[in-house]
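Here is how the chains run, residue by residue.
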Amino acid sequence: MTGGRVERRLAAVLAADVAGYSRLMGADELGTLQALKAIRREIVDPAIAAHKGRIVKTTGDGMLVEFASAVDAVTSAVTIQDQIAGRNETISFRIGINVGDIIIDDDDIFGDGVNVAARVESECEPGGVCLSGSAYEQVRGKTAFAFDDLGDRSLKNIERPVRLYSARSASTTSAKPHSEMTKSLPLPDRPSIAVLPFQNMSDDPEQGYFADGIVDDIITALSRFKSLFVIARNSSFIYKGAAVDIKLVGRELGVRYVLEGSVRKAGRKVRIVGQLIDAVSGAHVWADRFDGSLEDIFELQDNLTTSVVGAIVPKLEQVEIDRAKRKPIQNLDAYDSILRGMDCLQTAGDREKDDEALRFFYRAIELDPQSASAYGWAASRYHVRKMNGWIVDKEREFAEARRLIECAIKFGQDDAVALSRVAFALSFIFVEHEQAATLVDSAIAMNSNLAIALRARSWISVYLGEHEKALNEIDRAIRVNPIDPQNYHLENARGFALLFMGKYDEACHSAERALAIQPRITPSLRIASVGHALSGRLDQARAMMGRLREIDTVMRLSNVEEWSPFNRKQDVERFLEGLRLAGLPD
């Protein structure tokens, strides 16, 4: 800009950035930076210079380049993408090109021509080159490249629709026609996910079988969850070796979530990186990495699969709850009503919230009278009512709990989650531990990675007096689902098992871990009261008892045996003695 006059000119503007840059940096920051520098030094900068381009500016993962000729811009872009693809790099660029009027200010450029180029780049698939209609008109018939018409697109902050074209070497397989690209499948009525083939980042390309095996295991494990809609392997593996646009994958497969990742083997070590992406918005929902040894390759595969599934399922559940909360109450269906009820239970020990949750579960039953999930959730609230001393009309409420349990079993023969919930309720409310164990063992047989089933089984073992077995089951349940915010339930199961084994200090530590998450949960306070009392710490025991009686106002020594689900007489006697010492009245 000189003398107050705005300097303008017509130019071909190339905008480029690295696809999934944040994800790549999160997985391997140093490796990504080194690879990106090498690509720029050996491929990008020489291609731009050879075709008389001027790099206006660069960012961490992108750049803006000006060319006098649209032909030079496209030739440079296709050369860059072909050479990167030939190196089998994990890094891929999106490149957008537009021809338009630009404003010159010192060495920088601005204006509509730049803005459109940036928006065209954001519509491009990883590894691709996209042109606006104005750029295409300048190069049509002047190069040996092939072009595919992608149709008109509405670009962010650009008032008019812009026609897009993809450019590729004539020898490259054609992109999908516009009509095929825009065709989308409707989303299912439950969380839906596709697991894409993981990238093999090992030096040996033959190690691809290992990455494929990991993905197969994850798909199989996810498929056992009836609450999930999982795309079969044959459909998700059509994307193997391709640079994909997650939003496009979501539309083509009809799924809300996509899991992608990579596997790197070096000597006897392996690293697996996974990331869960919302295919509708493109937002990253979850990401993690798993490191291990190859001393036993099959055990490692199982362990990694279990860890990935354990991390994904609760995260998906929370995302679905958040989605349901954004819907108007009057538009809820049975599934959304269940999600609303689950959201009410985020804070344990709140009777009003628990009552609200039960109303949502009954609404779900009205909307879908054969929903085993709704019956199972509703039955679980009567379990909690008994546990917290909230039962008002025992005969009526227990009869209703029995009805809900029977309906869940009737409609949920193949629903491992529903069977697990009613097994827990059957064991605690009616002290029918053997039948409950049979139900939950059936659920585990259906899905050995199901956290709720493993949690229920550990509690039933505690009730039966099989405390060593319970501790092993608790460890397994936490291993399957290490980040579940509801793992305080397992700490309470551990606390009771340790309490009845005479390990009072350890039992108190378990209770404290649970109370740190949920300070108003009655089992934790009972464990802490009894554990401190039997260890001789009566002041701490009575302080815990005071907190307990604020929540459970009806519990007395005289009614503990009526409330207690414990099978062994010595466990009940130990429990009563601790409560008496802690100050529970007769």
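Residues numbered from 1 in each chain as written. Predicted model: local features only at pLDDT ≥ 70, side-chain atom pairs only at ≥ 80, totals over all residues. Heavy atoms only, no water.

Draft legend 1. Focus on the overall build of the protein chain. In terms of helices and strands, the protein chain carries 24 helices and 14 strands. Among the 586 residues that make up the protein chain, the fraction classed as buried is 55%. In the protein chain, of all internal contacts separated by at least 6 residues, the share reaching a separation of at least 24 is 65%. Carbon and sulfur atoms make up 49% of the accessible area of the protein chain, which amounts to about 26,100 Å² in all. (Helix = DSSP H or I, 4+ residues; strand = E, 2+ residues; numbered from the N terminus. Buried < 20%, exposed > 50% of the residue type's maximum accessible area, 1.4 Å probe, protein only. Contact = heavy atoms within 4.5 Å. Areas by Shrake-Rupley, 256 points an atom, 1.4 Å probe, with all protein chains shown as cover.)

Draft legend 2. Representation of the state of the cysteines within the structure. In this structure the tally under the stated criterion is zero disulfides. Looking at C124, it has no disulfide partner, and the nearest cysteine sulfur is the one in C130, 3.4 Å off. (Disulfide = S-S within 2.5 Å.)

Draft legend 3. Region of the structure containing the packing of aromatic side chains. On inspection of all chains with the given rule, the structure shows 16 aromatic pairs. Aromatic side chains F428 and Y463 sit 6.1 Å apart centroid to centroid with 45 degrees between the ring planes, which places their arrangement in the tilted category. Pair noted here: F428 is in helix α15 (residues 416-430) and Y463 is in helix α17 (residues 451-464), with a separation of 35 residues, a long-range link. On the accessibility criterion, Y463 (2% relative accessible area) is buried. Aromatic ring contacts, followed pair by pair, group F424, F428, W459, Y463, F496, F500, F566 and F575 into a single cluster. Its guanidinium or amino end placed over the ring of F428, K386 lies 5.2 Å from that ring's centre, counting from NZ or CZ. One Lys or Arg, R421, reaches over the ring of W377 and ends 3.5 Å from the middle of that ring. (Phe/Tyr/Trp six-rings, centres within 6.5 Å; stacked < 30°, edge-to-face > 60°. Lys NZ or Arg CZ within 6 Å of the ring centre and 35° of its normal.)

Draft legend 4. A look at the packing of α17 against helix α19 (residues 488-500). Axis separation between α17 and α19 bottoms out at 10 Å; the angle between their running directions is 20 degrees. Classified by the interaxial angle, the pair formed by α17 and α19 is roughly parallel. α17 and α19 meet at a crossing whose hand is left-handed. Two secondary-structure elements touch here, α17 through R455, S458, W459 and V462 and α19 through H489, L490, N492, A493, F496 and A497. Considering only residue class, the contact of α17 with α19 consists of six nonpolar, three polar and one charged. (Axes fitted to C-alpha atoms, helices over the stretch in contact; angles between N-to-C directions. Parallel < 35°, antiparallel > 145°, perpendicular 65-115°, else oblique. Left-handed = near helix turned anticlockwise from the far one by under 90°. Nonpolar A, V, L, I, M, F, W, Y, C, P; charged D, E, K, R; others polar.)

Draft legend 5. View of unusual backbone geometry. Even without a glycine there, the phi angle at K52 is positive, about 65 degrees. Note on placement: K52 falls in the loop between α2 (29-50) and β2 (54-58). Backbone geometry at V431 places phi at a positive 55 degrees, although glycine is not the residue there. Take V431: it is sitting in the loop between α15 and α16 (433-446). A relative accessible area of 36% places V431 in the partly exposed class.

Draft legend 6. Region of interest: the pairing of strand β3 (residues 62-67). In terms of burial, β3 is a largely internal element, six of the six residues being buried. Going residue by residue along β3, you find G62, L64 and E66 tucked away on one face and M63, V65 and F67 tucked away on the opposite face as well. Looking at chain direction, strand β1 (residues 7-18) and β3 are connected through six bridges and run antiparallel. In the strand pairing of β3, D17 is matched with G62. Between β2 and β3, which follow one another and run antiparallel, lie three residues. (Pairing = 2+ DSSP bridges.)

Draft legend 7. Main features of the pairing of strand β14 (residues 284-293). Examined bridge by bridge, strand β13 (residues 269-278) and β14 share nine bridges and lie antiparallel to one another. Among the inter-strand pairings, K269 is bridged to a residue of β14, identified as S293. Between β13 and β14, which follow one another and run antiparallel, lie five residues, and G282 among them has a positive phi close to 85 degrees.

Draft legend 8. Just the nonpolar core, in detail. Core analysis: the largest hydrophobic core is formed by 118 residues, its most contacted members being F198, F496, F566, F575 and L579. A per-element tally of this core places α15 first, with 10 residues. When sequence neighbours within four positions are dropped, the list of residues in contact with F566 reads V462, Y463, F496, F500, D571, V572 and F575. Counting residues in each nonpolar core, the second largest holds 37 residues, with L14, V18, A135 and F145 among its members. (Core = buried A, V, L, I, M, F, W, Y, C linked by side-chain atoms within 4.5 Å.)

Draft legend 9. Structural view of the confidence of the model for the protein chain. This prediction gives the protein chain a mean pLDDT of 84; 88% of its residues lie at or above 70. Note that pLDDT drops below 50 for residues 173-183; the model gives that stretch 17 contacts with residues more than four away or on any other chain. (pLDDT = per-residue confidence, 0-100.)

Draft legend 10. Just the packing of helix α21 (residues 522-534) against helix α22 (residues 538-551), in detail. Contact pair α21 / α22: the axes reach a minimum separation of 8 Å and the direction vectors enclose 155 degrees. When the axes of α21 and α22 are compared, the pair comes out roughly antiparallel. Taken as a pair, α21 and α22 cross one another with a handedness that is left-handed. Together, T522, L525, R526, A528, S529, H532 and A533 of α21 and L538, Q540, A541, M544, M545, R547, L548 and I551 of α22 make up the contact between the two elements. Looking at the contact of α21 with α22 residue by residue, the class counts come to nine nonpolar, four polar and two charged.

Draft legend 11. How the structure looks around the pattern of salt bridges. Going through the model one piece at a time under the given rule, you end up with 25 salt bridges. The salt bridge involving D475 is made with R494; its shortest N-O contact spans 3.2 Å. Taken together, the residues span a long stretch of sequence, with D475 in helix α18 (residues 467-480) and R494 in helix α19 at a distance of 19 residues. Note on D475: relative accessible area 42%, which makes it partly exposed. Between D552 and R526 there is a salt bridge, and its shortest N-O distance comes to 2.7 Å. Of this pair, D552 sits in the loop between α22 and α23 (560-563) while R526 sits in helix α21, and the two are 26 residues apart along the sequence. You'll find D552 and R526 in the same group, each marked buried. A single network of salt bridges, built from pairs that share partners, joins E7, R9, R54 and E66. (Salt bridge = Lys/Arg side-chain N within 4 Å of Asp/Glu carboxyl O.)

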